[in-house]
Amino acid sequence: MSIVNAKEIMVEAAKGKYAVGAFNITDLVQMEGVVDAAISKKSPLIIQTSVKPSKFLGVDVLVAIYRTIAASAPIPICLHLDHCTEVEHCKKCADAGYTNIMIDASKQTYEENIRQTKEVVDYCHKIGNISVEGELGTVSGVEDQIKVSEDETQLANPKQAVEFVERTGLDIFAPAIGTAHGVYKTKNPKVDFERLGIINEMLNGKTIKTPLVVHGGTGLPEDYIKKLIAMGGAKVNVSTELKRTMIDAEYEYIAAHREEYDPGKVDEAVRASIRTAVGHWIDILGSAGKA
Ligand code: 13P
């Protein structure tokens, strides 16, 4: 029951009008903090890694840790590869045991985006129990190796979105709607809620076939998140906040215990701070008690 793909838990979320948090991690301690929070809140969970940590730590190592942790967890957990621009790396992660793969060919031409996305979808579906996420339009900001400036930002066209999903066979879909990676520069970022609602109606109006993903969770006001969920967002990605939480916790602990050379205590401080941050997200997303 514990190892799941993203689509199956997102379909339930979309039906129940809540969202599953998808939390980026870069190491074991962060992964444990995220899992602790989801278990204590009885929430389904998506653990994400960007491409860089998957190459640095090793895909097989990450999958082995995920499987070990998920095997004894009383909640469904998915391991997701985030924003991968390389088809071959997507396939490698699928082979190793990631259960959701995001091929991000959104910076390519429309036709090339379709071609690459479909190639990954076909590959993953042949393996089985892996869902695939694709993106149309571009999300501004920096995520791992992908950088999109604000004037390059392009929102997803609803009609094209439906065609994109149909032609690729995608399982879950991330339309660009104005949310951004990193920290928002204004208190009220310009997010096109209506566009998400229209795309959701066109794709999932009768039955939920292709649940929607919201990128750029860090810094979004709580009322925005609630509205995005009401418009069909069933997965909300959070990365920058957790990186900051981790580094701040390490820094604060070390600054306060400068003479103590005990790495385990630093790890404990990080794990606890991640647990608190993720628990807060789970409450906002409404996924507590849904596992
Ligand atoms: P943030 O870094 O803004 O939280 O965005 C995360 C994200 O969308 C990862 O795909």
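Residues numbered from 1 in each chain as written. Predicted model: local features only at pLDDT ≥ 70, side-chain atom pairs only at ≥ 80, totals over all residues. Heavy atoms only, no water.

A.B. asks: Would you take a moment to explain the overall build of the protein for this structure?
C.D. replies: Summing up its helical and strand segments, the protein has 11 helices and 10 strands in all. Here the C-alpha radius of gyration of the protein, 18 Å, is about what a compact globule of 291 residues would show, namely 19 Å. Judged by the C-alpha coordinates and their principal axes, the protein covers about 60 × 40 × 35 Å. Out of the 291 residues belonging to the protein, those deemed buried represent 57%. In the protein, of all internal contacts separated by at least 6 residues, the share reaching a separation of at least 24 is 74%. In the structure as shown, the protein presents an accessible area of about 12,800 Å², 53% of it carried by carbon and sulfur atoms. (Helix = DSSP H or I, 4+ residues; strand = E, 2+ residues; numbered from the N terminus. Rg over C-alpha atoms; globule rule 2.2 N^0.38 Å. Buried < 20%, exposed > 50% of the residue type's maximum accessible area, 1.4 Å probe, protein only. Contact = heavy atoms within 4.5 Å. Areas by Shrake-Rupley, 256 points an atom, 1.4 Å probe, with all protein chains shown as cover.)

A.B. asks: I would appreciate a short explanation of the site of the ligand in the present structure.
C.D. replies: For the ligand, the set of nearby residues contains 15 residues, the closest of which are Asp82, Gly216, Thr218, Ser239 and Thr240. A distance of 2.5 Å separates an oxygen atom of the ligand from a polar side-chain atom of Thr218. A distance of 2.5 Å separates an oxygen atom of the ligand from a polar atom in the side chain of Thr240. Contact with the protein chains covers 100% of the free accessible surface of the ligand, which is 310 Å². Here the ligand is seated within the largest cavity. (Near = heavy atom within 4 Å. Polar contact = N/O pair within 3.5 Å; in protein donor to acceptor, adjacent residues only side chain to side chain. 1 Å grid on protein atoms, 1.4 Å probe; cavity = no way out; pocket = protein on both sides within 12 Å on 5 of 7 lines; lining within 4 Å. Sits in = over half its atoms within 2 Å of the grid points.)

A.B. asks: What's the story with the packing of helix H6 (residues 110-127) against helix H7 (residues 158-168) in this structure? I'm lost.
C.D. replies: The packing of two helices is summarised by the inter-axis angle and the distance between the axes. Two elements in contact, H6 and H7, have axes separated by 9 Å at closest approach and are oriented at 40°. Judged by the twist between their axes, the crossing of H6 over H7 is right-handed. Counted together, Tyr110, Glu111, Asn113, Ile114, Thr117, Lys118 and Val121 of H6 and Gln160, Glu163, Phe164, Arg167 and Thr168 of H7 form the full contact between these two elements. Partitioning the contact of H6 with H7 into residue classes produces four nonpolar, four polar and four charged. (Axes fitted to C-alpha atoms, helices over the stretch in contact; angles between N-to-C directions. Left-handed = near helix turned anticlockwise from the far one by under 90°. Nonpolar A, V, L, I, M, F, W, Y, C, P; charged D, E, K, R; others polar.)

A.B. asks: Help me understand the pairing of strand E10 (residues 233-238) in this model?
C.D. replies: Across a regular strand the side chains alternate sides, sitting on one face of the sheet and then on the other. Of all six residues making up E10, six are buried, and the element is well covered by its neighbours. Sheet topology places strand E1 (residues 20-24) next to E10; four bridges connect them, and they run parallel. Bridge pairing in E10 places Phe23 opposite Val238. Sheet analysis places strand E9 (residues 212-214) next to E10, joined by three bridges and oriented parallel. Following the sheet pairing, Val214 is matched in E10 by Val236. Taking the sense of rotation as the criterion, the β-α-β connection linking E9, helix H9 (residues 222-230) and E10 turns out right-handed. (Pairing = 2+ DSSP bridges. Right-handed = clockwise from strand over helix to strand, strands pointing away.)

A.B. asks: Would you mind showing me how to read the pattern of salt bridges here?
C.D. replies: For side chains of opposite charge, pairing can occur when their charged atoms come near one another. Evaluated as defined, the whole model comprises 18 salt bridges. The residue Asp36 makes a salt bridge to Arg271 at a minimum N-O spacing of 2.8 Å. With a gap of 235 residues between them, Asp36 in helix H2 (residues 28-40) and Arg271 in helix H11 (residues 263-285) connect regions that are remote in the sequence. You can call Arg271 partly exposed: its relative accessible area is 28%. A salt bridge links Glu112 to Arg115; the shortest N-O distance between them is 3.0 Å. Taken together, the positions of Glu112 and Arg115, both in helix H6 and three residues apart, correspond to about one turn of that helix. The exposure class assigned to Glu112 is partly exposed, which follows from its relative accessible area of 22%. Here Arg115 falls in the partly exposed class, since its relative accessible area comes to 46%. (Salt bridge = Lys/Arg side-chain N within 4 Å of Asp/Glu carboxyl O.)

A.B. asks: Can you walk me through empty space enclosed by the protein in this structure?
C.D. replies: Any empty space left between atoms is shown by rolling a water-sized probe over those atoms. With the rule as written, the count across this model stands at one cavity of 30 Å³ or more. Estimates place the volume of the largest cavity at around 90 Å³. Within the lining of the largest cavity, the residues separate by chemical class into two nonpolar, 11 polar and two charged. (Points joined across faces, edges and corners; volume = space filled by probe spheres on them.)

A.B. asks: Could you clarify how one ought to interpret the pairing of E1 in this entry?
C.D. replies: Among the five residues of E1, five are classified as buried, and the element is accordingly described as predominantly covered. Here E1 shows a buried face lined by Val20, Ala22 and Asn24 and a second buried face lined by Gly21 and Phe23. The pairing of E1 with strand E2 (residues 45-49) spans three bridges and is classified as parallel. Residue pairing across strands places Phe23 opposite Ile47, the latter belonging to E2. Handedness of the β-α-β unit built from E1, H2 and E2 comes out right-handed.

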